[in-house]
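# Observations on the model geometry
Residues per chain, in single letters:
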Amino acid sequence: MSLYMRVLTRRGAAGLRICLAFMLSASAWAAVSGASAVRDTSYNDTKGEGKALVQELLTRMPPENSQILGLLKVRPPVGEIVEIPVRMTTRLVDDGWHEIYETQPVRTQPGEVFIVKHHGTAPSEYLFGRYKTVDEKPELKPLKPDQLYRPLAGTDFYLVDLGLEFLHWPSQKIVKKEMRKSRSCRVVESINPKPSPGEYSRVLSWVDFETSGIILAEAYDHNGELWKEFSIQKFDRKEKRLTEMEIYNVQTDSRTRLELNFEVKTETAREGARPPER
């Protein structure tokens, strides 16, 4: 699963790998929003702190293989809520780790498989495929970073959100330090050097001082207007596990909520498995 989810999914600081988004990792995250589109440069990052922090995030490997089942609930501006089962698998490999997102076919929406091959600070690799029935094997094809601006199974989560491609952009700076929901944070600004229409121009990430988990993320379009907000909705403090997160498309008034139901024992996880029937 993404850094956002890994930070908040299990075992406190050791398993902290979630952002609060868009994902993200694990310690009391809460919903926050409303950063100004005007760039705040109240902190002068002259020592490369932002780049060093991002390198830390990119090289933080998951502690073990894992698999989590969840439900994506899409609330469009008009119409009824659509529910899509999803499975998120983390698999450790010799040169890094893979994160696999599998959604189940629902109505006219085909099932989708998205694989992120993480290699630390080196560029990630991406594979994507669709299938119409649970018996069909998807044909996975490689994607370039500029091909990631597409929704996962028609939700508000784009592939670029799940792959955290913005952390690989060359410009990474801490622009301010502030409290959000009683958490002390460093705000990292990631700048896209050549944004095209339909792409993010910059992303702001609120990184928790204590856990180094991203607890909030906001994405801006190529014109610099706020596009998406990611927030944590529910966190089980007893189990130290994220149970619900949401991403909101400010420009379309569409939102998708991800409910994390339970974690499958790692020994039962197997490559190519399909999300369970509902």
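Since this is a predicted model, take the numbers as computed values, not measurements. (Residues numbered from 1 in each chain as written. Predicted model: local features only at pLDDT ≥ 70, side-chain atom pairs only at ≥ 80, totals over all residues. Heavy atoms only, no water.)

Moving on, we get to the pattern of salt bridges. Applying the stated criterion to the full structure yields 17 salt bridges. A salt bridge links E178 to R180; the shortest N-O distance between them is 3.4 Å. The residue R255 makes a salt bridge to E246 at a minimum N-O spacing of 2.7 Å. R255 gets classed as partly exposed once you look at its relative accessible area, which sits at 24%. Three or more residues joined by partner-sharing salt bridges are found here, namely E244, E246, R255 and R257. (Salt bridge = Lys/Arg side-chain N within 4 Å of Asp/Glu carboxyl O. Buried < 20%, exposed > 50% of the residue type's maximum accessible area, 1.4 Å probe, protein only.)

A few words on unusual backbone geometry. In this structure, R107 is a non-glycine residue whose phi angle is positive, near 55 degrees. Of note, R107 is situated in the loop between β3 (96-103) and β4 (111-119). Relative accessible area serves as the criterion here: at 61%, R107 is assigned to the exposed category. (Helix = DSSP H or I, 4+ residues; strand = E, 2+ residues; numbered from the N terminus.)

Time to look at the packing of aromatic side chains. One pass over the full model with this rule turns up seven aromatic pairs. Plain terms: the ring middles of Y149 and Y200 are 5.3 Å apart, the flat faces sit at 85 degrees to each other, and that makes the pair edge-to-face. You can see Y149 sitting in the loop between β6 (141-143) and α4 (159-163) and its partner Y200 sitting in the loop between β8 (183-191) and β9 (202-208), a full 51 residues away along the chain. Per residue, the accessibility class of Y149 equals that of Y200, and both read buried. With a centroid separation of 6.5 Å and 65 degrees between ring planes, the pair formed by F166 and W169 is classed as edge-to-face. Neither F166 nor W169 differs from the other in exposure class; each is buried. (Phe/Tyr/Trp six-rings, centres within 6.5 Å; stacked < 30°, edge-to-face > 60°.)

Within the secondary structure layout, Y220 lies in strand β10 (residues 214-220). A C-alpha to C-alpha distance of 5.4 Å links Y220 and Y200, two positions 20 residues apart in sequence. For Y220, the side chain forms a polar contact with the side chain of E218, separated by 3.0 Å. (Polar contact = N/O pair within 3.5 Å; in protein donor to acceptor, adjacent residues only side chain to side chain.)

Glancing now at the side chain of E244. Looking at the secondary structure, you find E244 in strand β12 (residues 241-249). A distance of 2.9 Å separates the side chain of E244 from the side chain of R257, its partner in a polar contact.

Turning our attention to the nonpolar core. Of all hydrophobic cores here, the largest spans 46 residues; its most connected members are F114, F157, Y200, M245 and L258. Per-element tally for this core: the top contributor is helix α3 (residues 49-59), with four residues. Non-local contacts of Y200, meaning those with residues more than four positions away in its chain, are made with Y149, Y158, V160, D161, W169, N192, P195, A219, Y220, W227 and K228. Judged by nonpolar contacts, the second largest core, of nine residues, contains V175, V187, L216 and Y220. (Core = buried A, V, L, I, M, F, W, Y, C linked by side-chain atoms within 4.5 Å. Contact = heavy atoms within 4.5 Å.)

Turning next to α3. Of the positions making up α3, those classed as buried are G50, L53, V54, L57 and L58. Down the axis of α3, the smallest arc covering the buried residues is 140 degrees, so these residues share one side. (Arc of directions from axis to C-beta.)

Let us now look at the pairing of β4. When you tally the buried positions in β4, you get eight out of nine residues, the bulk of the element. One ladder, built from seven bridges, connects β3 with β4; its direction is antiparallel. Each bridged residue has a counterpart across the sheet, and for H98 the counterpart in β4 is K117. Relative to strand β5 (residues 122-131), β4 runs antiparallel, the two being bridged by eight bridges. Bridge assignment links H119 to a residue of β5, and that residue is A122. The antiparallel pairing of β4 with β5 creates a hairpin that spans two residues between the two strands, and G120 there sits at a positive phi of about 65 degrees. (Pairing = 2+ DSSP bridges.)

By themselves, these are just geometric observations and shouldn't be taken as functional.
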